[in-house]
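Read off the chains here:
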Amino acid sequence: MLRLKKKSKNRLNDRLKSRVIVCLDVANGRVVKGVNFKGLTDMGDPVELALNYQEQGADEIVFLDIKATLENRKNALDTVTQVAKNLSIPFTVGGGLNSYEDVKMFLDAGADKVALNSAAVNNPELINQISKGFGSQCLVVAVDVNKVGEEYQVYINGGHSKTNLKAFDWFNEIETRGAGEILLTAMHKDGTGTGFDNELMAQATANASIQIIASGGASNAQHFVETFKAGSDAALAAGMFHRVEITVSQVKNELMRNNIEVRIC
Amino acid sequence: MSPLKKVAVIDTGAGNLFSLFACLERIEVEAELVTSAEQLDDTIYQTLLIPGQGRFGNVMENLNQSGLSEAIKAWYLKGKNIIGICVGLQIFFESSEEDEGIAGLSLLKGQVSKLNSPKQPMVGWCSLQSSSSSLNGKSVYFVNSYAVKNSVNVTSKVSYGEDFVASIASNGLTAFQFHPEKSGKQGEEILRRCLG
């Protein structure tokens, strides 16, 4: 059953600053970008890009190792440490984290938070364990959903495998088990540049008492305005920033013009 | 630049200190982890810093066990510089709803209570409200579910669902409910100022 929460977004003190998050999809130590999870293009060096986005005013950096394998784990940990040493803003790491030990390894390497995706679906108890062991504040559960007819269905394994989970049931379970935030990617929007799925975001945030980050589909500043107006707590993009179509500060200026409170740095 | 005196980062045994040490390195402050009361030598260290990781009860139990609780109190009573971040601010008070029945360091009067915030945990950025121009309007990063609602010597407050204490300064003591080490350039500036 969905818990209904009172929403009073008009009250200034009921909202944190709307966060603009830049995602670095990393494969083999390089930032890459794919379309609908397929076909990768090289976008640059992770440390350089992370610092560049911090300068532009990004509120958080998410680092997703999309080709995480055990063989290149050491490289991934080294890259995480290099990024973490240099960043003065929160830094979330995901991709290929399958166990409590994996999480500890990446937190020790300098990540402020970890993002679990397939592992949380395969072993939901892991959410409880990590939340209990390290605190809910350092656990983001990433959810890839695809719109199938009128239903939102949860996918895992980088969007390759459909599960039987219905998105809203899964959001509730994630929250109940103690995650701190949800990173919600609309696969049907990812790489399309047509904006976030704000219908999904409005429904998800209205029923959640943890924060939900919108992901998938952004290509301009207006898309950020729209998703924050729909209720998203934070919004994430990758390609539009990597392709230098627009800077984070330009997005934030547009948000301010629309009376959406952002961090000014 | 003249070298700043050393900071003793207290080992509370309750979390990862990577971000804190990375930040201190970026602002060129020399810092060392102090794990026992004997190490806490005021001829070596100018400032004592309690990091912001872990929960109230866990941190207090660890400090009691290592004998650092008493050493921190003695340090404070001598009027020396002491900084607390997040749970490091909270343990300066007498108790917390997070772990009832476990006493804090009680350097300050009052208690820590559950934050009645719209979303929990509170994870994100807020602007400080302060009469001090070095704090007022600064955007800083919060990660907490508990907070002090009222105290004396408050230097800034924020509001998220309800008002709570964001920072305190009293004699040599400075405390932040937010994480200056994760608050971008503005956070680094705040930390640098109180370590200068």
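These notes cover the structure that comes with them. (Residues numbered from 1 in each chain as written. Chains lettered and ligands numbered in written order. Predicted model: local features only at pLDDT ≥ 70, side-chain atom pairs only at ≥ 80, totals over all residues. Heavy atoms only, no water.)

**Structural notes on the interface of chain A and chain B**
Accessible area lost when the parts come together is the quantity often used to give the size of an interface.
Part 1 of the reasoning: The interface of chain A with chain B comprises 38 residues on the first partner and 29 residues on the second.
Part 2 of the reasoning: The interface formed by chain A and chain B holds three salt bridges in total.
Part 3 of the reasoning: Between D112 of chain A and K182 of chain B there is a salt bridge whose closest N-O contact spans 2.8 Å.
Part 4 of the reasoning: In this assembly, chain A and chain B are joined by 17 residue pairs in polar contact (both at pLDDT 80 or more).
Part 5 of the reasoning: At the level of secondary structure, the elements contributing two or more residues to the side of chain A that touches chain B comprise α1 (46-56), α2 (73-86) and α3 (100-108) of chain A. (Contact = heavy atoms within 4.5 Å. Salt bridge = Lys/Arg side-chain N within 4 Å of Asp/Glu carboxyl O. Polar contact = N/O pair within 3.5 Å; in protein donor to acceptor, adjacent residues only side chain to side chain. Helix = DSSP H or I, 4+ residues; strand = E, 2+ residues; numbered from the N terminus.)

**Let's talk about empty space enclosed by the protein**
Residues and elements named next belong to chain A.
Part 1 of the reasoning: One pass over the structure, following the stated rule, counts two cavities of 30 Å³ or more.
Part 2 of the reasoning: By volume, the second largest cavity amounts to about 30 Å³.
Part 3 of the reasoning: Lining the second largest cavity are F63, D65, A76, V93, G94, G95, L97 and F106.
Part 4 of the reasoning: Residues of the lining of the second largest cavity, tallied by class, amount to five nonpolar, two polar and one charged. (1 Å grid on protein atoms, 1.4 Å probe; cavity = no way out; pocket = protein on both sides within 12 Å on 5 of 7 lines; lining within 4 Å. Points joined across faces, edges and corners; volume = space filled by probe spheres on them. Nonpolar A, V, L, I, M, F, W, Y, C, P; charged D, E, K, R; others polar.)

**Some details on the nonpolar core**
Part 1 of the reasoning: Membership of the largest hydrophobic core comes to 82 residues, with the highest contact counts inside it found for I61, V143, F171, L184, F224 and F241 of chain A.
Part 2 of the reasoning: When near neighbours in sequence (up to four residues on either side) are disregarded, F224 of chain A contacts V20, F196, A218, A235, A237, M240, F241, V251 and L255 of chain A.
Part 3 of the reasoning: Counting residues in each nonpolar core, the second largest holds 34 residues, with Y45, W75, I102 and V112 of chain B among its members. (Core = buried A, V, L, I, M, F, W, Y, C linked by side-chain atoms within 4.5 Å. Buried < 20%, exposed > 50% of the residue type's maximum accessible area, 1.4 Å probe, protein only.)

**Some words on the pairing of strand β10 (residues 181-186) of chain A**
A regular strand carries its side chains on alternate faces of the sheet.
Residue and element names in this part refer to chain A.
Part 1 of the reasoning: With respect to burial, β10 is a largely interior element, six of its six residues being buried.
Part 2 of the reasoning: Burial of the side chains of β10 extends over both faces: E181, L183 and T185 are buried on one face and I182, L184 and A186 on the other.
Part 3 of the reasoning: The sheet contact formed by strand β7 (residues 139-148) and β10 spans six bridges and is parallel. Each bridged residue has a counterpart across the sheet, and for V143 the counterpart in β10 is L184.
Part 4 of the reasoning: By the bridge criterion, five bridges tie β10 to strand β11 (residues 211-215) in an arrangement that is parallel. Across the sheet, L183 pairs through a bridge with I213, a residue of β11.
Part 5 of the reasoning: Crossover handedness for the path β10 to helix α7 (residues 198-206) to β11: right-handed. (Pairing = 2+ DSSP bridges. Right-handed = clockwise from strand over helix to strand, strands pointing away.)

**Some thoughts on the packing of aromatic side chains**
Part 1 of the reasoning: Here the structure, examined in full by the defined rule, presents eleven aromatic pairs over all chains.
Part 2 of the reasoning: The interplanar angle of 90° and the centroid separation of 6.0 Å between the aromatic rings of F63 of chain A and F91 of chain A together place this pair among those described as edge-to-face. Residue F63 of chain A is located in strand β4 (residues 60-65), and its partner F91 of chain A is located in strand β5 (residues 91-94); the two are separated by 28 residues in the primary sequence.
Part 3 of the reasoning: By the ring-pair criterion, three or more aromatic residues cluster together here, those being Y53, F196, F224 and F241 of chain A.
Part 4 of the reasoning: Looking at R263 of chain A, its charged tip hangs above the ring of W125 of chain B, at a distance of 4.1 Å from the centre. (Phe/Tyr/Trp six-rings, centres within 6.5 Å; stacked < 30°, edge-to-face > 60°. Lys NZ or Arg CZ within 6 Å of the ring centre and 35° of its normal.)

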